[in-house]
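Single-letter residue listing:
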Amino acid sequence: MKQHSFKASVCIGLVLALMDVATSSPMVRAEQGPASGQASSAKDMPVSLKIGSGDLLHITVFDVPEMAQEVRVGSNGHVQLALIGDIDLMGLTGQEASETIASELRKRRLLLRPQVNVLVKEFASQGVSVTGEVQHPGVYQVLGSRTLLDLISMAGGLTNMADTRITVKRRGGAEEKIIARLRTDDAETSLANDVQIYPGDLVLVPRAGIVYVLGDVNRPGGFVMQDSGKITLLQALAQAGGSSKTASPSKSVLMRKNAQGYVTTKLQVGRIERGQDPDLELHANDILFIPDSRLKNVISETQGAATAIGSASIYAIVH
């Protein structure tokens, strides 16, 4: 019995060491979004979209159709406008560019009260960064806005370790972060939570949480909390192949981490398997340990020895 306890302690110690290394790794983590935790509407426009070189602008002046034109911003940030000529619009928002052009028209006494509108039709100067648990992380150039699902598709889709709660950091808004909750098993929910992505945005796909099932189970190891980010004890145990014949589920232990360290709780897993107790939802980094039964091991070894003796007797008789 002491030997089995020693092996279990070593096994749990190795998992804890691996988890500490994973926690301290320089991998990017998604920050928490707004308190509501809801994805914004696809119609929500980000603030402070800046004009850069290569962007395509559509400029109109109310009641002056001859000044309507589409121009591409040069590498120096300047554009050539009708009646005005060369003007620098680099780093301005559409509203700021409208005010700058209107001010120039007034200074030149071309219009008394010009109403200018500048629409950025294509953002060619800044791409969208897609990082984390996607097949091909990188910077993707997009002209105008695209949806989050479009960008994930461009990045080759999610990996098997991806969390479906994706963080979007808006360009130009240090405090504006959105958590988009997508589900690979629910198309309607994913489409409803899809958001618009704009040039300069950052899309971060974090790694999903992992729970560990150790001890006398058929496939011990760590299991990813995919899709909804939730997993119950029975679901994790099923992924571990269930308890072996020599296991003692009634003496199972759940280890859960808090601010002070790991807290150990005894569980009657056998009662949960039989439906006598409710299933338990596990948290990321939980460790479920199912010990073996010394009595069952002895019986198993005895049966094995009896089978071996019987086989030897048959062999002796035949030969």
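About the cut-offs
Residues numbered from 1 in each chain as written. Predicted model: local features only at pLDDT ≥ 70, side-chain atom pairs only at ≥ 80, totals over all residues. Heavy atoms only, no water. Core = buried A, V, L, I, M, F, W, Y, C linked by side-chain atoms within 4.5 Å. Buried < 20%, exposed > 50% of the residue type's maximum accessible area, 1.4 Å probe, protein only. Helix = DSSP H or I, 4+ residues; strand = E, 2+ residues; numbered from the N terminus. Contact = heavy atoms within 4.5 Å. Pairing = 2+ DSSP bridges. Axes fitted to C-alpha atoms, helices over the stretch in contact; angles between N-to-C directions. Lys, Arg positive; Asp, Glu negative; His and termini not counted. Salt bridge = Lys/Arg side-chain N within 4 Å of Asp/Glu carboxyl O. Polar contact = N/O pair within 3.5 Å; in protein donor to acceptor, adjacent residues only side chain to side chain. pLDDT = per-residue confidence, 0-100.

Peer 1: I'd like a rundown of the nonpolar core, residues and numbers included.
Peer 2: One finds Leu57, Ile59, Val79, Leu81, Leu89, Ile101 and Val116 to be the most contacted residues of the largest nonpolar core, which totals 24 residues. Among the elements of the structure, strand S1 (56-61), strand S3 (78-81), helix H2 (94-107) and strand S5 (116-122) are those that each provide at least two residues to this core. The greatest single-element share of this core, amounting to four residues, is contributed by H2. If we ignore the near neighbours within four places in the chain, the residues touching Leu81 are Ile59, Gln69, Val71, Ile87 and Ile101. If you look at the next biggest cluster of nonpolar residues, it comprises 19 residues, including Val134, Val142, Ile166 and Leu182.

Peer 1: Lay out the sheet that holds strand S13 (residues 210-215) in plain terms, naming residues and giving numbers.
Peer 2: Note on sheets: strands pair through backbone hydrogen bonds, and any given pair is parallel or antiparallel. One open sheet accounts for five strands, arranged S14-S13-S19-S16-S17; its pairing is mixed. The open sheet has two edge strands with one neighbour each: strand S14 (221-224) and strand S17 (261-267). The sheet shows a mean angle of 20 degrees between the axes of neighbouring strands, direction not considered. Pairing of S13 with S14 involves four bridges; the strand directions are antiparallel.

Peer 1: Outline the sheet that holds S1, listing residues and values.
Peer 2: If you trace the three strands from one edge of the open sheet to the other, you get S2-S1-S5, paired in antiparallel fashion. Every other strand in the sheet has two partners, leaving strand S2 (69-72) and S5 as the edge strands with one partner each. Across the sheet, the axes of successive neighbouring strands diverge by a mean angle of 25 degrees, strand direction being ignored. Note that S1 and S5 share six bridges and pair antiparallel. Bridging from a neighbouring strand, Leu57 pairs with Val120 of S5. In this fold H2 packs onto S1 and S5, with an angle of close to 135 degrees to the strand it touches most, S5.

Peer 1: Which residues make up the side chain of Asp194, and what are the values?
Peer 2: The topology assignment puts Asp194 in the loop between helix H4 (187-192) and strand S11 (196-197). Arg170 provides the closest opposite charge to the buried, salt-bridge-free Asp194, at an N-O distance of 9.3 Å. Here the side chain of Asp194 touches Leu148 through a polar contact of 3.2 Å, landing on its backbone nitrogen.

Peer 1: Before we move on, can you summarise unusual backbone geometry with the specific residues and values?
Peer 2: Even without being glycine, Asp63 reaches a positive phi, approximately 70 degrees. Locating Asp63 in the fold gives a position in the loop between S1 and S2.

Peer 1: Talk me through the confidence of the model for the chain; I want residue IDs and the actual numbers.
Peer 2: Residues with a pLDDT of 70 or more make up 72% of the chain, whose mean pLDDT is 77. Counted against residues more than four places away or in other chains, residues 1-7, with its pLDDT under 50, gives three contacts. Here residues 21-47 is a poorly scored stretch, pLDDT under 50, and it has 41 contacts once near neighbours within four places are set aside; other chains count.

Peer 1: Talk me through the pairing of strand S7 (residues 138-141); I want residue IDs and the actual numbers.
Peer 2: Judged from the four bridges that link them, strand S6 (residues 127-132) and S7 form a sheet pairing that is antiparallel. Looking at the pairing, Val130 lines up with Gly138 of S7. As consecutive antiparallel partners, S6 and S7 are separated by five residues.

Peer 1: Go over the pattern of salt bridges with me, naming the residues and quoting the values.
Peer 2: Tallying each qualifying case throughout the model produces eight salt bridges. Ionic pairing is found between Glu133 and Arg207, a salt bridge with its closest N-O pair at 3.4 Å. Of this pair, Glu133 sits in the loop between S6 and S7 while Arg207 sits in the loop between strand S12 (202-205) and S13, and the two are 74 residues apart along the sequence. Classification of Glu133 by relative accessible area gives buried; the value is 11%.

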